[in-house]
Amino acid sequence: VSAFLLNRSSDLGNTRSGYPDQESWGVKITLTDEGVMRALIKSGHLEKYNDRQYILLDQDVDVDFFDDLEQHTTNLKSQIAEIDERTNFMTAIGDVIVVSDSGVTLYTDTLMWNSEEELIYTDDPIMLTTEKNDTLYGIGFESDVSMNHWKILQPSGVMERAKDE
């Protein structure tokens, strides 16, 4: 984490129970897998809780995802995000928008990212626009992080193309 850190754990001993152990503003977090950058997470504010191994990002979360060759694939924006430090499992919450470099855009309220499996998913209602400007709706969504292989679990929508397209 590159930013100013405020360590609160030693301020008043145990009387600060429930408060974060550290806070940071203007945060950039780089997540790697065996030295290869997989995600760059930015947020206006971070709270870190050591005992729970939990991070809360609660201002303008912006995440760039990268493939095995460190090529950019996708961008995610949300109001807040929660990260389990044990697993790097992230939950994005509030006005989530995911835009892939291939032209697919996902809108939802909550989205989970399993960094180990490199999957994103939600059980919430979604709206998806494809690279061919189709707009699909549904409940539940699963995809690889680059959004090349996605599925809507309970889809609905209208496509306006001729049969041969």
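Residues numbered from 1 in each chain as written. Predicted model: local features only at pLDDT ≥ 70, side-chain atom pairs only at ≥ 80, totals over all residues. Heavy atoms only, no water.

Engineer: Got a sec to walk through unusual backbone geometry? Specific residues and values, please.
Structural biologist: One non-glycine residue with positive phi stands out, namely Asp95, at about 50°. Relative to the helices and strands, Asp95 resides in strand S8 (residues 89-100). Unusually for a residue other than glycine, Met147 sits at a positive phi of about 60°. Looking at the element boundaries, Met147 is found in the loop between strand S11 (135-144) and strand S12 (150-158). (Helix = DSSP H or I, 4+ residues; strand = E, 2+ residues; numbered from the N terminus.)

Engineer: Could you give me a rundown of the packing of aromatic side chains, with the residues and numbers involved?
Structural biologist: Aromatic ring pairs are described here by two measures, namely the spacing of the ring centres and the angle between the planes. The full count for this structure, using the stated rule, is four aromatic pairs. Ring centres of Tyr49 and Tyr54 lie 5.7 Å apart, and the angle between their planes is 45°; this geometry places the pair in the tilted category. Look at Tyr49 and you get buried, because its relative accessible area is 13%. Judged by relative accessible area, Tyr54 falls into the buried class, the value being 17%. The interplanar angle of 25° and the centroid separation of 6.4 Å between the aromatic rings of Phe141 and Trp150 together place this pair among those described as stacked. Judged by relative accessible area, which is 28%, Trp150 ranks as partly exposed. Its guanidinium or amino end placed over the ring of Tyr49, Arg52 lies 4.8 Å from that ring's centre, counting from NZ or CZ. (Phe/Tyr/Trp six-rings, centres within 6.5 Å; stacked < 30°, edge-to-face > 60°. Buried < 20%, exposed > 50% of the residue type's maximum accessible area, 1.4 Å probe, protein only. Lys NZ or Arg CZ within 6 Å of the ring centre and 35° of its normal.)

Engineer: Describe the pattern of salt bridges, and please don't skip the residues or the numbers.
Structural biologist: Under the counting rule described, the total for this entry stands at seven salt bridges. As a salt-bridge pair, Asp84 and Arg86 come within 3.3 Å of each other at their nearest N and O atoms. A relative accessible area of 55% places Arg86 in the exposed class. Residues participating in the shared-partner salt-bridge network are Arg38, Asp68 and Glu118. (Salt bridge = Lys/Arg side-chain N within 4 Å of Asp/Glu carboxyl O.)

Engineer: An account of the side chain of Thr130 is requested, with residue identities and associated values reported.
Structural biologist: Considering the arrangement of structural elements, one finds Thr130 in the loop between strand S10 (119-129) and S11. Excluding residues within four positions of it along the chain, Thr130 makes contact with Gly103, Val104, Leu136 and Trp150. (Contact = heavy atoms within 4.5 Å.)

Engineer: Summarise the pairing of strand S4 (residues 54-57); cite the residues concerned and give the values.
Structural biologist: Where burial is concerned, the two faces of S4 agree: the one with Tyr54 and Leu56 and the one with Ile55 and Leu57 are both buried. Judged from the four bridges that link them, strand S3 (residues 36-49) and S4 form a sheet pairing that is antiparallel. Bridge pairing links Tyr49 to Tyr54 in S4. Here S3 folds back onto S4, and the loop between the two strands holds four residues, one of which, Gln53, carries a positive phi near 50°. Sheet topology places S4 next to strand S7 (residues 80-84); four bridges connect them, and they run antiparallel. (Pairing = 2+ DSSP bridges.)

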